[in-house]
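Architecture at a glance
Below, each chain spelled out in residue letters.
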Amino acid sequence: MGITGSRILVTGGTGSIGSEVVRQLLSRSPAHVTVFSRDDSKHFYFQQELGERDDVSFIIGDVRDREGLSRAFQTGVDIVIHAAALKHVLICEQNPTEAVKTNILGTQNVVDLAKAHGAEVVLSISTDKAVNPTSIMGATKRVAESYCQALDLEHAEGSGKDNGTRFVTVRFGNVLGSTG
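The sections below set out a description of the structure shown in this document.

1. A short note on the side chain of Thr11
With respect to the element layout, Thr11 can be found in strand β1 (residues 7-11). Since its relative accessible area comes to 0%, Thr11 is described here as buried. A distance of 2.7 Å separates a polar atom in the side chain of Thr11 from a polar atom in the side chain of His82. With residues near it in sequence (within four places) discarded, Thr11 still touches Phe36, Val63, Ile81, His82, Ala83, Ala84 and Val110.

Next comes the structure, spelled out in structure tokens:
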């Protein structure tokens, strides 16, 4: 599956990584990009930046809310790029339950809905802190990676349980210009 002509959902699509992913995708002629995130101010400014476009839509929502997230899949999604996360190590240490809800349960919602709606691929963005994690943030991202890896193994083994959705995870280190 290529980007050109695809319907793409980007969770965390107004964040520092997600918004750059959207910009790069739009330069490759997708059929449509849905930007999903919970920050209304970032939605407003990103919409202003992109201008009037028929190939982009914005949905305010939280990956922790499965029902709200399901709205993003209603018009069909070929590719999901999952960039939504709590990524500040200190904030995750101070709020471990919130980190679990977003980084683990939110990821589970995204990948389960992608699979249920027949997306071809889910690309989940993780962190180098998931390698031998020493923080809540790293640990929650590692669990999220493991969930995706288990689903992709199911796909690779052809167990008959999958609908063809591939699950891929990439790890970023510290990103220049990001807010994390």
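Now that the structure is up, let's keep going.
2. Considerations on the pairing of strand β4 (residues 79-82)
Note on strand geometry: in a regular strand, side chains alternate between the two faces of the sheet. By the alternation rule, side chains of β4 split into Ile79 and Ile81 and Val80 and His82, which are all buried. Here four bridges tie β1 to β4, and the two strands are oriented parallel to one another. Bridging across to β4, Leu9 finds its partner in Val80.

3. Quick word on the packing of aromatic side chains
What the rule picks out here adds up to two aromatic pairs. Between Phe46 and Phe58, the ring centres sit 5.9 Å apart and the planes meet at 90 degrees, which makes this aromatic pair edge-to-face. With Phe46 in helix α2 (residues 40-50) and Phe58 in strand β3 (residues 56-60), this pair connects stretches of sequence that are twelve residues apart. Given the relative accessible area of 22%, Phe58 is considered partly exposed.

Cut-offs used in this document
Every chain is numbered independently, its residues counted from 1 as its sequence is written. Given that the model is predicted, a residue must reach a pLDDT of at least 70 before its local features are reported, and side-chain atom pairs must reach 80 or more before they are shown or counted; all residues, however, enter totals for whole chains, interfaces and linings. The side-chain values count all of the structure's non-hydrogen atoms but skip hydrogen atoms and water molecules. Every helix listed is a DSSP run of H or I at least four residues long, and every strand listed is a run of E at least two residues long, numbered separately from the N terminus. We call a residue buried when its accessible area falls under 20% of the maximum for its residue type, exposed when it is over 50%, and partly exposed in between, using a 1.4 Å probe and counting protein chains only. Any N or O atom pair separated by 3.5 Å or less is treated as a polar contact, with the protein-specific requirement of one donor-capable and one acceptor-capable atom, and with residues adjacent in sequence counted only for side-chain atom pairs. In this analysis, two residues are considered to be in contact whenever any of their non-hydrogen atoms come within 4.5 Å of each other. Any two strands between which DSSP finds at least two bridges are classified as paired. Pairing of aromatic side chains here covers Phe, Tyr and the six-membered ring of Trp, requires ring centres within 6.5 Å, and sorts the geometry by plane angle: under 30 degrees stacked, over 60 edge-to-face, intermediate tilted.

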